[in-house]
Amino acid sequence: MQWSLVIPVKALARAKSRLTDAAGDAVRPGLALAFAQDTVAAALDCPEVRDVAVVTDDPLAGRELSALGALILADEPAGGLNAALAHGAAAVRFRRPGAAVAALNADLPALRPAELERVLRAAGEFPRSFLADAAGIGTTLLAAGPGRELGPAFGVDSRRRHLASGAVELAPGAVDSVRQDVDTGADLRAALALGAGARTVAAVGALPLRALSSGCGY
Ligand SMILES: Nc1nc2c(ncn2[C@@H]2O[C@H](COP(=O)(O)OP(=O)(O)OP(=O)(O)O)[C@@H](O)[C@H]2O)c(=O)[nH]1
Ligand SMILES: C=C(OP(=O)(O)O)C(=O)O
């Protein structure tokens, strides 16, 4: 089954606030953009992915992610992450009513196409399913097969909410790169250890050395 991915990207100036100690205001927007670029590029390289729609109002993110091949949708109705995802899924299905749709976070800089392929193949077995994040508390991917509502409930403790909503928790092996979202300096070190994409590696190269030491407060 081929999937349409919906990837939400918050305005870069406000994104990744939990990385503030590791990366100050001057570099954090560039880091958030690099995460999104590496996520979208890897997603578009995955054979199970038909297309990628990015929901964002950020002009720079829109230009850069469009250049990679993503369709850019307005961040409507300006009601936060879950409203943006519901809007994105509806827009995808307006164009192709039978689409299988999956929401994927934009902060997966180590994402590998082959690992995303394993997750999406597993998702194809269920009407609605999700993948928990590396911390085991959140969600990095929520999938809805043809004819099923996405029903996004991302945010703090979303693993529990997605389970309670009836979505099946996926447990494919060897998909660390799909689980490794980056919220903190420790997450960023973990993503770099897995092997982050080229844009993230370049953006991290611009950080002061202390940002990635384990004494940065995380
Ligand atoms: N389009 C859109 N995307 C959002 C919004 N809020 C969060 N996101 C995206 O949702 C995904 C998960 O975001 P979070 O990690 O919860 O938030 P964040 O802003 O990136 O990081 P924090 O500021 O540290 O919470 C990322 O891809 C964000 O860019 C929103 O209001 N609109
Ligand atoms: C939005 C989520 O991600 P984060 O852990 O980045 O807040 C989530 O896990 O539902």
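Under an unreviewed UniProt entry, the name given to the protein is Phosphoenolpyruvate guanylyltransferase, and the organism recorded is Streptomyces griseoaurantiacus M045. As recorded by UniProt, the Catalytic activity (unreviewed entry) comment attached to the protein reads in full: "phosphoenolpyruvate + GTP + H(+) = enolpyruvoyl-2-diphospho-5'-guanosine + diphosphate". Recorded in UniProt for the protein, the comment headed Sequence similarities (unreviewed entry) runs: "Belongs to the CofC family."

What follows deals with the side chain of S4. Following the sequence through the fold, S4 ends up in strand 1 (residues 3–8). Among the polar contacts made by the side chain of S4, one reaches the side chain of R96 at a distance of 2.8 Å. When near neighbours in sequence (up to four residues on either side) are disregarded, S4 contacts D51, V92, R96, A99, A100, V101 and A102.

The next subject is the UniProt feature "binding site: phosphoenolpyruvate" (unreviewed entry) in the protein. UniProt marks T139, G155 and S158 with the feature "binding site: phosphoenolpyruvate" (unreviewed entry), using the numbering shown here. In terms of the greatest pairwise C-alpha distance, the residues named above, spread along 20 residues, form a tight cluster of at most 8.2 Å across. Look past the residues within four positions of T139 in its chain and what remains in contact with it is N105, F130, L131, A132, D133, F154, S158, R159 and H162. Relative to the elements of secondary structure, G155 occurs in the loop between strand 6 (139–144) and helix 5 (158–164). Given the relative accessible area of 40%, G155 is considered partly exposed.

This part covers the environment of E169. Tracing the chain through its elements places E169 in strand 7 (residues 168–169). Separated by 10 residues in the primary sequence, E169 and R159 place their C-alpha atoms 8.4 Å from one another. When residues no more than four places from it in sequence are discounted, the contact partners of E169 are F130, A132, R159 and L163. At 2.7 Å, the side chain of E169 forms a polar contact with the side chain of R159.

Here we come to the packing of helix 1 (residues 28–44) against helix 8 (residues 198–205). Their axes nearest at 7 Å, the elements helix 1 and helix 8 cross at an angle of 165°. On the basis of their axis angle, the class for helix 1 and helix 8 is roughly antiparallel. Where helix 1 crosses over helix 8, the handedness of that crossing is left-handed. Here G30, L31, A34, F35, Q37, D38 and A41 of helix 1 come into contact with helix 8, specifically with A198, R199, T200, A203 and V204. Among the residues making up the contact of helix 1 with helix 8, the classes are represented as 7 nonpolar, 3 polar and 2 charged.

This brings us to the environment of D176. By secondary structure assignment, the location of D176 is in helix 6 (residues 176–179). Residue classification places D176 among the partly exposed residues on the basis of a relative accessible area of 47%. In this structure, the C-alpha to C-alpha distance between D176 and E115, residues 61 residues apart in sequence, is 7.8 Å. Apart from residues lying up to four places away in sequence, D176 is in contact with E115 and L194.

Procedures and definitions
- Residues numbered from 1 in each chain as written.
- Chains lettered and ligands numbered in written order.
- Predicted model: local features only at pLDDT ≥ 70, side-chain atom pairs only at ≥ 80, totals over all residues.
- Heavy atoms only, no water.
- UniProt positions renumbered as here; feature names shortened; annotations may be inferred.
- Helix = DSSP H or I, 4+ residues; strand = E, 2+ residues; numbered from the N terminus.
- Polar contact = N/O pair within 3.5 Å; in protein donor to acceptor, adjacent residues only side chain to side chain.
- Contact = heavy atoms within 4.5 Å.
- Buried < 20%, exposed > 50% of the residue type's maximum accessible area, 1.4 Å probe, protein only.
- Axes fitted to C-alpha atoms, helices over the stretch in contact; angles between N-to-C directions.
- Parallel < 35°, antiparallel > 145°, perpendicular 65-115°, else oblique.
- Left-handed = near helix turned anticlockwise from the far one by under 90°.
- Nonpolar A, V, L, I, M, F, W, Y, C, P; charged D, E, K, R; others polar.

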